[in-house]
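Here are the chains, one letter per residue:
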There are 2 protein chains.
Amino acid sequence: MNDYKHVLAAIDFSSSADQVLLKARDIAQRNNAKFSLLHVVEYMPPMDYGSDPMIGNWGVDESEMQEQAKLSLQRISEQHKLENADLNVLLGTPKHEISQFVQDQQCDLVVIGSHGRHGIGLLLGSTANAVLHAMPCDILAVKIEE
Amino acid sequence: MNDYKHVLAAIDFSSSADQVLLKARDIAQRNNAKFSLLHVVEYMPPMDYGSDPMIGNWGVDESEMQEQAKLSLQRISEQHKLENADLNVLLGTPKHEISQFVQDQQCDLVVIGSHGRHGIGLLLGSTANAVLHAMPCDILAVKIEE
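So, here's what we can say about the structure. Every value quoted in this text rests on a predicted model; they were computed, and no experiment measured them.

Section: the overall build of chain A
When you go through chain A residue by residue, the secondary structure sums to five helices and five strands. Put simply, chain A runs from its N terminus to its C terminus through helices and strands in the order β-α-β-α-β-α-β-α-α-β. Buried positions account for 48% of the 146 residues belonging to chain A. Counting every atom, chain A has about 7600 Å² of accessible surface; 50% of that belongs to carbon and sulfur.

Here is the structure:
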């Protein structure tokens, strides 16, 4: 495409993930670029129910969720023969974690779906301009075929 | 990139226009795709000042603005040797005109700046998801280098 050196696919595990992944993989291959996959496990702040015995421990175990997500990424990676892809699972809000990853890892293209939990709407939120200025690279929003 | 057949660069005439244009041109060339340029002259609804002689005719002449925009597009096109580019000037709101053009002309990739008057913020506005769902193609938001 334009000599991208590090392409990031930010994916959820919805039915649209494959479309994002395959387009990103093709661009990475054509550019001979490093290819990373990122899934963000959305962090749910714990609610304090006190010691109410009727509610008990409803806490979500994020480390368990991260482990599950890693397994899912590995499965997808094997399925699409992405031997050299760098697989990443982070915990937090997709908007923040994706921006931070892009900065830390010096990605120059992030590929996302045009909807879905990791889609551009969520990435942009209501502060589209601010986030786009913060994102230090190109963004390809892939139109998801229903 | 991914066998795009019709690439559209939506440009304003800011200093960022060249970056959008050149990236879009490269993608079109690599894909052997049709290449279109679109500039939208923003329509200002006329205000009725009645017959106040102190104000007179302040009406903006949109057809004159469109002519100027066409000349600017031609100049840019010659400057970057875009002999085969299809040059288009439309009158209206960028958000609506770009979406409509993409649909009418069956573009499969629209390239825009990450800011600027025709940037993604303006394209998305406060209804990011709605517009992205309406846009029937991929969108590449090019990070503008200051």
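Additional details are given in the paragraphs that follow.
Structural notes on helix α1 (residues 17–31) of chain A
All names here are of chain A. When the terminal C-alpha atoms of α1 are compared, their 21 Å separation across 15 residues agrees well with the 21 Å that a helix rising 1.5 Å per residue should span. If you check which residues of α1 are buried, you get A17, V20, L21, K23, A24, I27, A28 and N31. Just beyond α1, the residue with positive phi is N32, at close to 55°.

Let's talk about the environment of Q19(A)
Residues and elements named next belong to chain A. If you trace the backbone, Q19 turns up in helix α1. Between the alpha carbons of Q19 and I112 there is a distance of 9.4 Å; along the sequence they are 93 residues apart. The contacts of Q19, once residues within four sequence positions are left out, are V142, K143, I144 and E145.

Concerning the side chain of H39(B)
All names here are of chain B. Examined against the element boundaries, H39 turns out to sit in strand β2 (residues 34–42). Judged by its relative accessible area of 4%, H39 is buried. A distance of 2.9 Å separates the side chain of H39 from the backbone oxygen of I11, its partner in a polar contact.

Observations concerning the sheet that holds strand β1 (residues 6–10) of chain A
Across the sheet, 10 strands lie side by side as β3(A)-β2(A)-β1(A)-β4(A)-β5(A)-β5(B)-β4(B)-β1(B)-β2(B)-β3(B); this open sheet has mixed pairing. Strand pairing shows two members of the sheet lacking a second neighbour, β3 (86–92) of chain A together with β3 (86–92) of chain B, which therefore form its edges. Going from strand to strand, the sheet's axes swing by 25° on average, the running direction of each strand aside. Relative to β2(B), strand β1 (residues 6–10) of chain B runs parallel, the two being bridged by five bridges.

Let's talk about the nonpolar core
In summary, soluble globular proteins display a tendency toward joint burial of nonpolar side chains. In this structure, V7(A), F35(A), V7(B) and F35(B) are the most contacted members of the largest nonpolar core, which totals 50 residues. Ignoring any residue separated from it by four or fewer positions in sequence, one finds V7(A) in contact with A24(A), I27(A), A28(A), A33(A), K34(A), F35(A), S36(A), D108(A), L109(A) and V111(A).

Examining the environment of R30(B)
Residues and elements named next belong to chain B. Within the secondary structure, R30 is located in helix α1 (residues 17–30). A relative accessible area of 42% places R30 in the partly exposed class. Taking C-alpha positions, R30 is 9.2 Å from Y4, a pair spaced 26 residues apart along the chain.

Conventions adopted
Residues numbered from 1 in each chain as written. Chains lettered and ligands numbered in written order. Predicted model: local features only at pLDDT ≥ 70, side-chain atom pairs only at ≥ 80, totals over all residues. Heavy atoms only, no water. Helix = DSSP H or I, 4+ residues; strand = E, 2+ residues; numbered from the N terminus. Buried < 20%, exposed > 50% of the residue type's maximum accessible area, 1.4 Å probe, protein only. Areas by Shrake-Rupley, 256 points an atom, 1.4 Å probe, with all protein chains shown as cover. Expected span 1.5 Å × (residues − 1). Contact = heavy atoms within 4.5 Å. Polar contact = N/O pair within 3.5 Å; in protein donor to acceptor, adjacent residues only side chain to side chain. Pairing = 2+ DSSP bridges. Axes fitted to C-alpha atoms, helices over the stretch in contact; angles between N-to-C directions. Core = buried A, V, L, I, M, F, W, Y, C linked by side-chain atoms within 4.5 Å.

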